[in-house]
Amino acid sequence: MAWLVTWVTANRQHLESPIAAMFSSRKSPETIKDYVEFLYLTKHFSGDEQLSFLADPTANPYPATYGTIRANVSGTGETNLPWRYQIMCGHNPYLYARRVKNLRLGAGTYPDGSQRLEWDEIPKPPEPLDWT
């Protein structure tokens, strides 16, 4: 398994390569969340903007966030809980990080000339989870 971070956009034609980064599956979701936010900030914001976010992290308009999963929790009913194996950051294009299995070289190349990758997505558990 590995953490795979890809760029996602409404217009796939503008992506030279969807692959942004790969990390060991031993990295924690919190660490990957920090990495993803860092990647997005360095790609889309100037040095002075990054400096302002360093001084005031709440000023970042696109903080990395976990996905959610619906769950029935005893005493509270159905609620959305963070799904820490799915992380998003940004806005068209945005970064999407998730744990995948069987990450490997594929056939062909991306428009930037790098070799395509293939992987198997790990689905979320069936929703809603029942924790009653």
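I will try to describe carefully the structure that is included in this document. In this numbering scheme, every chain counts its residues from 1 along its sequence in written order. Thresholds applied to this predicted model are a pLDDT of at least 70 for local features of residues and 80 or more for the giving and counting of side-chain atom pairs; totals over whole chains, interfaces and linings are not thresholded and use all residues. To obtain the side-chain values, all non-hydrogen atoms of the structure were included, while hydrogens and water were left out.

## A closer look at the pairing of strand β1 (residues 2-8)
Three labels apply to residues, based on accessible area from a 1.4 Å probe with only protein chains included: buried if under 20% of the type maximum, exposed if over 50%, partly exposed otherwise in between. Helical segments are the DSSP runs of H or I of at least four residues, strand segments are the runs of E of at least two, and each set is numbered from the N terminus. Where burial is concerned, most of β1 is hidden: six out of the seven residues are buried. In short, DSSP must find at least two bridges between two strands for them to pair. Looking at chain direction, β1 and strand β2 (residues 19-24) are connected through five bridges and run antiparallel. Bridged to Leu4 within β2 is Met22. Pairing geometry for β1 and strand β5 (residues 94-109), over seven bridges, is antiparallel. Of the residues in β5, the one forming a bridge with Leu4 is Arg98.

## Side note on the pattern of salt bridges
What counts as a salt bridge is simple: a side-chain nitrogen of Lys or Arg found within 4 Å of a carboxyl oxygen of Asp or Glu. Considering all chains together, one arrives at six salt bridges under this definition. In this structure, Arg98 engages Glu121 in a salt bridge whose closest nitrogen and oxygen atoms are separated by 3.0 Å. Taken together, the positions of Arg98 in strand β5 and Glu121 in strand β6 (residues 115-121) put the pair 23 residues apart, joining distant regions of the chain. With a relative accessible area of 39%, Glu121 lands in the partly exposed category. Salt bridges sharing partners connect three or more residues here, namely Arg70, Glu78 and Glu127.

## A short note on the side chain of Arg99
In this structure, Arg99 sits in strand β5. Buried within the structure, Arg99 lacks any salt-bridge partner; Glu30 is the closest side chain of opposite charge, at an N-O distance of 10.0 Å. Here a residue-residue contact requires only that any non-hydrogen atoms of the pair lie within 4.5 Å. Ignoring sequence-local partners within four residues, the contact set of Arg99 consists of Met1, Ala2, Trp3, Ser25, Tyr85 and Ile122. Counting rule for charge: Lys and Arg are taken as positive, Asp and Glu as negative, and neither His nor the chain ends is counted.

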